Amino acid sequence: MKLSLLNDLRQQNPIVFNISNFVTVQDVANGINAIGASPIMSEEVAEADEMVQLAQAVCLNLGAFTEPQIKHIKVTGQLANKYHKPLVIDPVAVGAVAYRAKVAEDLLTAFQPDVIRGNAGEIAALAGVDWQAKGIDAGSGSGNLVSIAQSCAIKRRCTVILSGPTDVITDGKRTVQVLNGTPLFQTHVGSGDMLSSIVAAFCAVDPDYFEAAQTACLVFAGIGQRVAQSDPQMGSGTFIIKLMDALQQTTVAQLEELAAYD
Ligand SMILES: Nc1ncnc2c1ncn2[C@@H]1O[C@H](COP(=O)(O)OP(=O)(O)O)[C@@H](O)[C@H]1O
Ligand SMILES: Cc1ncsc1CCOP(=O)(O)O
Ligand SMILES: [Mg+2]
């Protein structure tokens, strides 16, 4: 686990280009900014080429799209491949809505992601494994999460993060599980979207995307865990405010003290 990547990220301040969703776009921008990277968002396909060229990483969130936005996402993914920029995909609710599954399938044939980050319901859907996803949430299923993540990584030929109480990170050969976190993440819509874009920021500072992905997961979950531990009575409103502070202020040494993974 290369926790020192957090210092590299803060020193390099990489630009992360996001196509976000209208629900969580501000959380995503502020989360990237707080951790030490530089967010930029766009809704216009005419500037996609310039945007991808100026960015050090790209995150495409499939959370809430219209037909023109699907085109924008497709073009941007293809440009990320063309300019060799690390590309992260967040396939929101792809296991719950057949239309989204169809769109995601089409997009994943148009470009090649470097990392896919989703919850169990989303990653199971992309792996082709039976699961009962629940809207944007993971839902329920009986499959083994490590096997599901590995199948998805092999099928999609990229690093996969299956997030949840334990995050499973795998490239199909190597697998790590991050045990840190707090259930408070589930009380805030946008936790997963923030993580996906923070993963992109880490990919901008380490060309080994498996390493970058696992470090991003530990940093994000570990910071959330520290925030929750600071006040056992904390609710979801305070959590997101304090999470933003902590994304900015938490040090590598503080994360080393609580890092839990195997
Ligand atoms: N019950 C939980 N306990 C600890 N951490 C959690 C829990 N649920 C989610 N997380 C953390 O929340 C973050 C967002 O993951 P997740 O909730 O799976 O995404 P999404 O919002 O897309 O469903 C991750 O860092 C994950 O580790
Ligand atoms: C509620 C909602 N509806 C469409 S996208 C979205 C946000 C999903 O955010 P996250 O997966 O990070 O909780
Ligand atoms: Mg999500």
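Residues numbered from 1 in each chain as written. Chains lettered and ligands numbered in written order. Predicted model: local features only at pLDDT ≥ 70, side-chain atom pairs only at ≥ 80, totals over all residues. Heavy atoms only, no water.

Draft legend 1. Fine view of the site of ligand 2. Around ligand 2, the neighbouring residues are Asn21, Val23, Thr24, Gly63, Ile136, Val189, Gly190, Ser191, Gly192 and Asp193. Contact between ligand 2 and Gly190: an oxygen atom at 3.2 Å from a main-chain N or O atom of the residue. Within the backbone of Gly192, a nitrogen or oxygen atom sits 3.1 Å from an oxygen atom of ligand 2. The protein chains hide 81% of the 370 Å² of surface that ligand 2 would expose on its own. (Near = heavy atom within 4 Å. Polar contact = N/O pair within 3.5 Å; in protein donor to acceptor, adjacent residues only side chain to side chain. Areas by Shrake-Rupley, 256 points an atom, 1.4 Å probe, with all protein chains shown as cover.)

Draft legend 2. The arrangement of the UniProt feature "binding site: substrate" (unreviewed entry) in the protein chain in detail. As annotated by UniProt and renumbered to match this structure, "binding site: substrate" (unreviewed entry) occupies Met41 and Gly190. Topologically, Met41 is positioned in strand E2 (residues 38-41). Those residues in contact with Met41, other than ones at most four positions away along the chain, are Phe17, Asn18, Ser20, Val25, Val28, Ala29 and Met51. Counting through the fold element by element, Gly190 comes out in the loop between strand E10 (175-178) and helix H8 (191-203). (UniProt positions renumbered as here; feature names shortened; annotations may be inferred. Helix = DSSP H or I, 4+ residues; strand = E, 2+ residues; numbered from the N terminus. Contact = heavy atoms within 4.5 Å.)

Draft legend 3. Summary view of the UniProt feature "binding site: ATP" (unreviewed entry) in the protein chain. UniProt records the feature "binding site: ATP" (unreviewed entry) for Arg117 and Ser163 in the present numbering. Considering the C-alpha atoms alone, the annotated residues occupy 47 residues of sequence yet fold into one spot, their largest mutual distance being 7.2 Å. Relative accessible area serves as the criterion here: at 4%, Arg117 is assigned to the buried category. Each residue touching Arg117, except ones within four places of it in the same chain, is listed here: Ile89, Asp90, Pro91, Ile123, Ile161, Ser163, Gly192, Asp193, Leu195 and Ser196. A polar side-chain atom of Ser163 sits 2.7 Å from a polar atom in the side chain of Arg117. (Buried < 20%, exposed > 50% of the residue type's maximum accessible area, 1.4 Å probe, protein only.)

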